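Secondary and tertiary structure notes
Chain residues, written in single-letter form:
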Amino acid sequence: REPLTTPGWWAMIPRGGSPRDWLLETPRRAQKEEMMAAYAFMLPILPGQEETDRRLFAEMQGPRRAEYEAAWRRLGVKTERVWHQQTPEGTFAVVYLEADDLGRVFTGLATSDDPFVIWWREQILTVHGVDLSQPLPGPPNAQIHDWSDA
């Protein structure tokens, strides 16, 4: 498989205008009845990079945990969940994020000079073939259904 050329979450980093204008923010009620924006997306994992991705998250949950948590808090991330999904086209990372301001999160991930975020962007380039510091084409995904018992 070639490095990623199809749009994904990074497509929400606009070439002009505010990231908020491009985001499809899906409100979700948190326990305190605050509105939370949630977003889910998939990124293909380049062939041979599944274990690298697992090691990346092990490092983020282990020796780099304090840096990771501090950086994500500064960006405004409230929740991040990642799964690996096997498909006939290869393995994909399924990512779920919650934040008060997703535009701020995605802009920060693309432009931050925080040493941890810079390191993280390098890992994303290795695992997914995506250079998050560069504008990438394509619209964000479109939510077509939402249900909650809350």
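Right above here is the structure, for reference.
So, a few notes on the structure that sits alongside this text. Note that the structure is a prediction, hence the values are computed from the model and not measured. (Residues numbered from 1 in each chain as written. Predicted model: local features only at pLDDT ≥ 70, side-chain atom pairs only at ≥ 80, totals over all residues. Heavy atoms only, no water.)

Looking now at the overall build of the protein. In terms of helices and strands, the protein carries 5 helices and 4 strands. Listed N to C, the secondary structure of the protein is α-β-β-α-α-β-β-α-α in terms of helices and strands. Excluding contacts between residues fewer than 6 apart, the proportion of contacts in the protein whose partners are at least 24 apart in sequence is 69%. On the protein, roughly 8900 Å² of surface is accessible, and the fraction owed to carbon and sulfur atoms is 53%. (Helix = DSSP H or I, 4+ residues; strand = E, 2+ residues; numbered from the N terminus. Contact = heavy atoms within 4.5 Å. Areas by Shrake-Rupley, 256 points an atom, 1.4 Å probe, with all protein chains shown as cover.)

A few words now on the packing of aromatic side chains. As enumerated under the stated definition, the model contains 7 aromatic pairs in all. Ring centres 6.0 Å apart and planes at 80° place the aromatic pair Tyr-39 and Phe-106 in the edge-to-face group. Here Phe-106 lies in helix 4 (residues 102–111) and Tyr-39 lies in strand 2 (residues 35–44), a separation of 67 residues in the sequence. With a relative accessible area of 4%, Tyr-39 lands in the buried category. With a centroid separation of 5.6 Å and 80° between ring planes, the pair formed by Trp-72 and Phe-116 is classed as edge-to-face. With Trp-72 in helix 3 (residues 65–75) and Phe-116 in helix 5 (residues 115–128), the pair connects residues that are 44 residues apart, well separated along the chain. Note on Phe-116: relative accessible area 2%, which makes it buried. What links up through ring pairs into an aromatic cluster is the set Tyr-68, Trp-72, Phe-116, Trp-119 and Trp-120. Sitting over the face of the ring of Trp-119, Arg-64 holds its NZ or CZ atom 4.0 Å from the ring centroid. (Phe/Tyr/Trp six-rings, centres within 6.5 Å; stacked < 30°, edge-to-face > 60°. Buried < 20%, exposed > 50% of the residue type's maximum accessible area, 1.4 Å probe, protein only. Lys NZ or Arg CZ within 6 Å of the ring centre and 35° of its normal.)

A few words now on empty space enclosed by the protein. By rolling a water-sized probe across the atoms, one finds the places where empty space is left. Overall, the coordinates contain 1 cavity of 30 Å³ or more when judged by the stated rule. Empty space within the largest cavity amounts to approximately 170 Å³. Surrounding the largest cavity, 18 residues form its lining, Phe-41, Glu-80, Val-95, Trp-120 and Ile-124 being those nearest its centre. Considering only residue class, the lining of the largest cavity consists of 15 nonpolar, 1 polar and 2 charged. (1 Å grid on protein atoms, 1.4 Å probe; cavity = no way out; pocket = protein on both sides within 12 Å on 5 of 7 lines; lining within 4 Å. Points joined across faces, edges and corners; volume = space filled by probe spheres on them. Nonpolar A, V, L, I, M, F, W, Y, C, P; charged D, E, K, R; others polar.)

It is worth spelling out the nonpolar core at this point. If you look at the biggest cluster of nonpolar residues, it comprises 29 residues, and the most contacted ones within it are Met-60, Trp-72, Phe-116 and Trp-120. Secondary structure elements with two or more residues in this core: strand 2, helix 2 (50–61), helix 3, strand 4 (90–99), helix 4 and helix 5. When residues in this core are grouped by element, the largest group, 6 residues, is from helix 5. (Core = buried A, V, L, I, M, F, W, Y, C linked by side-chain atoms within 4.5 Å.)

Of all 10 residues that make up strand 4, 8 are buried, and the element is covered over most of its length. Bridging between strand 3 (residues 77–87) and strand 4 involves 10 bridges; their strand directions are antiparallel. By the bridge assignment for strand 4, Val-82 is matched with Val-95. Where strand 3 folds back on strand 4, the antiparallel hairpin that results is connected by 2 residues. (Pairing = 2+ DSSP bridges.)

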